[in-house]
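For reference, the chains in residue letters:
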Amino acid sequence: MQAIDAGQIRGMYIMGENPAMSDPDADHAREALARLDMLVVQDIFLTETAYLADVILPASAFPEKTGSFTNTDRIVQMGRQALEPPGDARQDLWIIRQLATRLGLDWSGYGEGDEAVGAVFDEMRHTMPSIAGITWARLQREHSVTYPCENEGDAGRPVVFDDHFPTPSGKARFVPADIIPADERPDAEYPQVLITGRQLEHWHTGSMTRRAGVLDALEPDPVAMLHPLDLAALNAKPGDIVTIESRRGRVSLYARADESSPPGAVFVPFCYYEAAINKLTNPALDPFGKIPEFKYCAVRVSLGGTEPQATSFGGGRILAEATIE
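Residues numbered from 1 in each chain as written. Predicted model: local features only at pLDDT ≥ 70, side-chain atom pairs only at ≥ 80, totals over all residues. Heavy atoms only, no water.

A. Highlighting the overall build of the protein. When you go through the protein residue by residue, the secondary structure sums to eight helices and 14 strands. Viewed in the frame of its principal axes, the protein has a C-alpha envelope of about 65 × 60 × 45 Å. For the protein, long-range pairs separated by at least 24 residues make up 66% of all intrachain contacts whose partners lie at least 6 apart in sequence. On the protein, roughly 18000 Å² of surface is accessible, and the fraction owed to carbon and sulfur atoms is 55%. (Helix = DSSP H or I, 4+ residues; strand = E, 2+ residues; numbered from the N terminus. Contact = heavy atoms within 4.5 Å. Areas by Shrake-Rupley, 256 points an atom, 1.4 Å probe, with all protein chains shown as cover.)

Below you can see the structure in the form of structure tokens.
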């Protein structure tokens, strides 16, 4: 977003992400996305980011396409198409190949349908040594393989470092690390700490889970989790509206008593567009990991505020024409 401000990025093509909700200092992120000369969003729902797009490409959900899924347990799994994409929605690979063709690239050698998907996977394994031994035919036959699997015929390794580490001695190095203070610390004006994260019922920005009737019935409203002692200090009770303010904005939502939140801290899921908590978070980057400080910024909490209202965000499935002109 800073590069957009600096004029270094003039266009973006975003697939399956929702930075208008998930980026820190979300108001600034939305302003930056709106400033682009061209924003293309390829997604299955009209997300908050899609509302800022110049072009929306209607994509496919996971049961509507064949491909592989790799999870954080390093299991590469086969996913097979079970449904046709609705309306004029198209599979992601079809859209990307159409764009490539219009850009003058010859991708005809990939074949069509599942053959093209297999060709993409084969290209991946030839550029990623950790999955080099997993062929598309093997994945279709065995359904899942754990990596590292560097040679064809290898079983795959559920445990990565079973007898040595990739160091000259073969031993691991443990290095003590000091805690680096947060970029923004509590003070007299903003005495509490905001922590953002996910909720059991709603994943990430809620673009899919909040459209699931059962999940949304379980957790329909934006909530702030505060320690009961902090609630008592505000003369508030569970269900009251509280307002959280940082140096970047304010958000009002419903209070919930939660003893797992330490006194002085407030936890808020970032899935609620009507109370987009990332409007408050700090875009400062960790000096090593380059990750924004989503989990720590200074705020103040007060009793009262405007009741959260649903907005035009949260639209239905995109069924628009997918032809690329």
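Alright, that's what it looks like, and here's the rest.
B. Just the packing of aromatic side chains, in detail. Across all of its chains, the model carries four aromatic pairs by this definition. Pairing F121 with W136 gives two aromatic rings, centres 5.6 Å apart and planes at 45 degrees, and the pair type is tilted. Residue F121 is located in helix α5 (residues 113-127), and its partner W136 is located in helix α6 (residues 136-142); the two are separated by 15 residues in the primary sequence. Each member of the pair, F121 as well as W136, carries the same accessibility label: buried. It is R90 that lies over the ring of W94; its NZ or CZ is 5.4 Å from the centre. Sitting over the face of the ring of F45, R211 holds its NZ or CZ atom 4.3 Å from the ring centroid. (Phe/Tyr/Trp six-rings, centres within 6.5 Å; stacked < 30°, edge-to-face > 60°. Buried < 20%, exposed > 50% of the residue type's maximum accessible area, 1.4 Å probe, protein only. Lys NZ or Arg CZ within 6 Å of the ring centre and 35° of its normal.)

C. Looking closely at the sheet that holds strand β5 (residues 75-79). Judged by pairing direction, the sheet is antiparallel, and its three strands sit side by side in the order β4-β5-β6 without closing on themselves. Each end of this open sheet is capped by a strand with a single partner; those strands are β4 (67-70) and β6 (144-146). Strand-to-strand twist across the sheet, computed as the mean angle between neighbouring axes with direction ignored, equals 20 degrees. (Pairing = 2+ DSSP bridges. Axes fitted to C-alpha atoms, helices over the stretch in contact; angles between N-to-C directions.)

D. Structural context of helix α4 (residues 92-102). Taken residue by residue, α4 has D92, I95, R97 and A100 as its buried positions. In this structure, the buried residues of α4 make contact with β1 (11-15), β2 (38-43), β3 (55-58) and α5. Two residues or fewer past α4, G104 is found with a positive phi of approximately 90 degrees.

E. Spatial organisation of the pairing of strand β8 (residues 223-226). Where burial is concerned, the two faces of β8 agree: the one with V223 and M225 and the one with A224 and L226 are both buried. Relative to strand β10 (residues 249-257), β8 runs parallel, the two sharing four bridges. By the bridge assignment for β10, V223 is matched with Y254.

F. Just the pairing of β2, in detail. For β2, the buried fraction is high: five of the six residues fall into the buried class. The pairing of β1 with β2 spans five bridges and is classified as parallel. Paired with I14 across the strands is V41, a residue of β2. In the sheet, β2 pairs with β3 via four bridges, with the strands oriented parallel. Within the sheet, the bridge partner assigned to V40 lies in β3 and is V55.

G. Layout of the nonpolar core. Residues L194, A224, L226, I244, V266, V268 and I277 are the most contacted members of the largest nonpolar core, which totals 20 residues. Apart from residues lying up to four places away in sequence, I277 is in contact with L194, T196, I244, V251, V268, P269 and F270. (Core = buried A, V, L, I, M, F, W, Y, C linked by side-chain atoms within 4.5 Å.)

H. Region of interest: the state of the cysteines. According to the stated counting rule, one finds zero disulfides in the structure shown. There is no disulfide at C271, and the cysteine sulfur nearest it, in C297, is 17 Å away. Overall, the relative accessible area of 1% leaves C271 in the buried class. (Disulfide = S-S within 2.5 Å.)

I. Inspection of α5 at higher detail. Between its first and last C-alpha atoms α5 spans 22 Å; for 15 residues at 1.5 Å apiece the expected length is 21 Å, and the two agree. Along α5, the residues classified as buried are A116, V117, G118, F121 and R125. Where the residues of α5 are buried, they touch β4, β5, α4 and α6. (Expected span 1.5 Å × (residues − 1).)

J. The pattern of salt bridges, seen in detail. Applying the stated criterion across every chain yields a total of 18 salt bridges. We note a salt bridge from D122 to R125, for which the minimum N-O separation is 2.9 Å. Pair noted here: D122 and R125 are both in helix α5, with a separation of three residues, about one helical turn. Between R210 and D216 there is a salt bridge whose closest N-O contact spans 3.5 Å. With a relative accessible area of 22%, D216 lands in the partly exposed category. In the salt-bridge network here, residues are joined through shared partners; they are E184, D187, R247 and R248. (Salt bridge = Lys/Arg side-chain N within 4 Å of Asp/Glu carboxyl O.)

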